[in-house]
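Each chain is listed here by its residues.
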Amino acid sequence: METKVLRSQLLELIRRTSCELPDDLIRALDKSRRKEKKGTTARYALDVMRENVDLARDKSQPLCQDTGTIICYVDLPKWITEKQFQSAYESAVKTATNKGFLRQNSVDSITGENSGTNLGPGSPAIHFHQASGKSLGVRMMLKGGGSENVSCQYSLPNNKLGAGRDIEGVRKCILDAVQNAQGKGCGPGILGVCIGSDRGSGFVAAKEQFFRQLDDTNDDKLLSKLEKKLLKQANTLGIGPMGFGGETTLMGIKICARNRVPASFFVSISYMCWAYRRNGFLLTESGKINRWLYEGK
Amino acid sequence: MILEAPFTEEKLRKLKLGDVVEITGLIYTGRDAVHKYLHDGNKPPVDLKDSIIYHCGPVVVKEKGEWVVKAAGPTTSIREEPYQGPLMEQYGIRGVIGKGGMGSKTLAACKKVGACYFHAIGGAAQVLAEKVVKVSDVHLLNEFGSPEAVWEFQVVKFPVVVTMDSHGKSLHAKVENASAKALAQLV
Ligand code: SF4
């Protein structure tokens, strides 16, 4: 594939991710709106969000001005190298920033200087995997700062919560995290959770949960049950959209489990705001988009 | 409910927790840099008496010689907690728009001067940008850069919710207490 073609397809992926809320999230927002009574502030907040979704798509402008940390997962087939992909992707990120699909959001942590291009050490973040098929698979998400700030990690046992090293302990941590976040992560939120692993990989796995369809079912029966139960319980807390109070505190919880060392038991919880920007596509070697991954049902 | 300029104490005292309000008139953006600048004793670039400050780092571009707002959602307010209360009292600021709510110092200042904290919908950058019908001026642009500058926004029916009122009440505290009680039932 010509580099030019790859660059322009990646630019389109970034544009869509920033300006268009995926269909599964729109369905969830609409479902939440039906749950909140007309005339309440909760319903009002959800209505404004819904209006914002249509406006951003029609104007092809970012849903939220915080276009967040740029995270991308790549399934790399044999016909392209990591280097080739990275160079095309970085150039697409730069162009997207110039065009205003991405805000100038990458700051040197020591000097505070903004690179102005979203490029810099660790930015944008790319995770490579080998593809099993012939297509190039690219999935990306934009993770906003406000929601990232309320994400958190617990180490079990936790005496304060009375949380032991078992599923019941995990449940207590997750509900505590929702209580601490209140509306500050721009809820109704969606949680990605990893039980186990180490501190670093735990958060990576927790964030990877956001690539699941919101209305899917967990393959693991026990985790699937836990997801459903926790979603119900979290929504009895009454925190509501933006923390205004209401029925919808969360729109989803996605949980995975990873092995841990006997000495550690971490629960890593990533909070995603309602402006849940993620998208992805499969690209053929000739540069054609095979399929958008989150379109339709 | 509609709140139209001038933003007098009388009008603000009437607003109560949970009111959905549409603001029409001139408001000023201001975030971290400006709050610190004023708190350090520098003179405000505009008259802040009966004003509304919006915690927002907007995306503004010049099109055909005019400033046009491309995105204008709220930013997290709590960062201004050390400065907001004293500035409200010193200059008679009548309202603050932001997200996430503020603390007890600001709540006390709201009560004292007769002001409100208005919560805008986080993430609704496009809906809110549409409500800015005109950018009439900008101050401290060279000093602080575009997101931190003081922009004069003429807004029409800018949608917000009163989450801290001038009677000492905070929706944030109320919701947090209620959810803590509900949580105690679950764990
Ligand atoms: S948390 Fe999400 S919706 Fe809220 S301001 Fe940040 S990116 Fe936007």
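Since this is a predicted model, take the numbers as computed values, not measurements.

Caption draft 1: Structural view of the overall build of chain B. Along the backbone of chain B there are 7 helices and 9 strands. By the compact-globule yardstick of 16 Å for 187 residues, chain B fits well, its C-alpha radius of gyration being 16 Å. Across its three principal directions, the C-alpha atoms of chain B cover 60 × 35 × 30 Å. A burial count over chain B gives 56% of its 187 residues as buried.

Caption draft 2: Layout of unusual backbone geometry. All names here are of chain A. Here the amide bond leading from serine 123 into proline 124 is cis, since omega sits at -5 degrees, within 30 degrees of zero. For proline 124, the position within the fold is in the loop between α4 (82–98) and β2 (125–130). Here the amide bond leading from leucine 156 into proline 157 is cis, since omega sits at 5 degrees, within 30 degrees of zero. Checked against the element boundaries, proline 157 lands in the loop between β4 (152–155) and α6 (167–181).

Caption draft 3: Up close: the sheet that holds strand β1 (residues 69–76) of chain A. Residue and element names in this part refer to chain A. Within the open sheet, the 5 strands sit side by side as β2-β1-β3-β8-β9. Their pairing is mixed. Each edge of the open sheet is held by one strand with a lone partner, namely β2 and β9 (289–292). Each strand of the sheet is rotated relative to its neighbour by a mean of 15 degrees, with strand direction disregarded. Judged from the 7 bridges that link them, β1 and strand β3 (residues 136–143) form a sheet pairing that is antiparallel. When the sheet's bridge partners are listed, cysteine 72 is paired in β3 with methionine 140.

Caption draft 4: Broad picture of empty space enclosed by the protein. Residue and element names in this part refer to chain B. Per the stated rule, a full pass over the model turns up 1 cavity of 30 Å³ or more. Along the wall of the largest cavity there are 15 residues; nearest its centre are Val34, Leu38, Leu48, Ile53 and Val150. The set of elements that each furnish at least two residues to the lining of the largest cavity consists of β2 (20–29), α2 (32–39) and α3 (81–91). In terms of residues, the lining of the largest cavity owes the most to one element, α2, which gives 3 residues. Residue composition of the lining of the largest cavity, by class: 11 nonpolar, 4 polar and no charged.

Caption draft 5: Here's a closer look at the site of the ligand. Surrounding the ligand, one finds Cys64, Asp66, Gly144, Gly146, Ser147, Gly185, Cys186, Cys273, Ala275 and Arg277 of chain A together with Lys99 and Gly123 of chain B. Neighbouring residues of the ligand are distributed over chains A and B. Classifying every residue of the shell around the ligand gives 4 nonpolar, 5 polar and 3 charged. Here the shell around the ligand spans two domains, and each of domain 1 (3–21 + 63–144 + 277–292) and domain 2 (146–272) of chain A adds at least three residues to it.

The rules behind the values
- Residues numbered from 1 in each chain as written.
- Chains lettered and ligands numbered in written order.
- Predicted model: local features only at pLDDT ≥ 70, side-chain atom pairs only at ≥ 80, totals over all residues.
- Heavy atoms only, no water.
- Helix = DSSP H or I, 4+ residues; strand = E, 2+ residues; numbered from the N terminus.
- Rg over C-alpha atoms; globule rule 2.2 N^0.38 Å.
- Buried < 20%, exposed > 50% of the residue type's maximum accessible area, 1.4 Å probe, protein only.
- Pairing = 2+ DSSP bridges.
- Axes fitted to C-alpha atoms, helices over the stretch in contact; angles between N-to-C directions.
- 1 Å grid on protein atoms, 1.4 Å probe; cavity = no way out; pocket = protein on both sides within 12 Å on 5 of 7 lines; lining within 4 Å.
- Points joined across faces, edges and corners; volume = space filled by probe spheres on them.
- Nonpolar A, V, L, I, M, F, W, Y, C, P; charged D, E, K, R; others polar.
- Near = heavy atom within 4 Å.
- Domains from an automatic or database assignment.

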